Amino acid sequence: QVQLVESGGGLVQAGGSLRLACEVSGIKFSINFMGWYRQAPGKQRDLVALITRLGIKNYVDSVKGRFTISRDNAKNTVYLQMNSLKPEDTAVYYCNIRSYDGVDYWGQGTQVTVSS
């Protein structure tokens with residue numbers, strides 16, 4: 001059974017930093033994409049950042065220059081370093097992985113709250 005366990009969310013003041021981590025277990029396949037999505041109250045879940053197995057990264061414009069995604073393939077773990085946080089970054093952040101045959105798996109979500 002594939003499990004994605006997120007950690008690192010919390011409450012931080014504007015301008016502060018948080019680091020999210022997502023450890024994947026129970027897989028018997030190679031992971032293609034690893035990424036982070038977020039969902040604010042009343043809004044849809046949107047992509048924040050993703051990284052391919054070869055390390056190619058993509059970010060939504062609103063976080064470019066502030067967030068950094070990275071992954072450790074040996075540990076099946078993906079990270080999201082979030083700096084210069086803004087109140088509009090407040091959301092539940094979800095870890096996502098996609099296998100090479102296109103199957104998506106999701107974590108349970110971790111709350112990030114940025115106070116002004």
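Residues numbered from 1 in each chain as written. Predicted model: local features only at pLDDT ≥ 70, side-chain atom pairs only at ≥ 80, totals over all residues. Heavy atoms only, no water.

Draft legend 1. Fine view of the sheet that holds strand β1 (residues 3–7). Taken in spatial order, the four strands line up as β1-β3-β8-β7 in an open sheet, and their pairing is antiparallel. Bordering the open sheet on either side are β1 and β7 (67–72), each of which pairs with just one other strand. Here the strands of the sheet are splayed against their neighbours by 15° on average, with no regard to which way each runs. The pairing of β7 with strand β8 (residues 77–82) spans six bridges and is classified as antiparallel. Of the residues in β8, the one forming a bridge with T68 is Q81. (Pairing = 2+ DSSP bridges. Helix = DSSP H or I, 4+ residues; strand = E, 2+ residues; numbered from the N terminus. Axes fitted to C-alpha atoms, helices over the stretch in contact; angles between N-to-C directions.)

Draft legend 2. Summary view of the packing of aromatic side chains. Evaluated as defined, the whole model comprises one aromatic pair. Centroid distance Y37 to W106: 4.9 Å. Interplanar angle 65°. Geometry classified as edge-to-face. Of the two residues, Y37 sits in strand β4 (residues 31–39) while W106 sits in strand β10 (residues 104–106), which places them 69 residues apart along the sequence. Using a relative accessible area of 37% as the deciding quantity, one classes W106 as partly exposed. (Phe/Tyr/Trp six-rings, centres within 6.5 Å; stacked < 30°, edge-to-face > 60°. Buried < 20%, exposed > 50% of the residue type's maximum accessible area, 1.4 Å probe, protein only.)

Draft legend 3. View of the pattern of salt bridges. Counted according to the given criterion, the structure contains four salt bridges. Note that D61 and K64 form a salt bridge whose closest N and O atoms lie 2.9 Å from each other. Of the residues examined, D61 reaches a relative accessible area of 61% and is grouped as exposed. Looking at K64, the relative accessible area reads 48%, which means it is partly exposed. R66 is the salt-bridge partner of D89, the closest N and O atoms lying 2.8 Å from each other. Here D89 is found in the loop between β8 and β9 (91–99), whereas its partner R66 is found in the loop between β6 (57–59) and β7, with 23 residues between them in sequence. The exposure class of R66 is buried, given its relative accessible area of 10%. Members of the salt-bridge network, linked through shared partners, are R38, R66 and D89. (Salt bridge = Lys/Arg side-chain N within 4 Å of Asp/Glu carboxyl O.)

Draft legend 4. The arrangement of unusual backbone geometry in detail. Its identity is not glycine, yet N76 carries a phi of approximately 50°, on the positive side. Structurally, the position occupied by N76 is in the loop between β7 and β8. A positive phi angle, near 50°, is found at S84, a position not held by glycine. Within the secondary structure, S84 sits in the loop between β8 and β9. The class for S84 is partly exposed, based on a relative accessible area of 39%.

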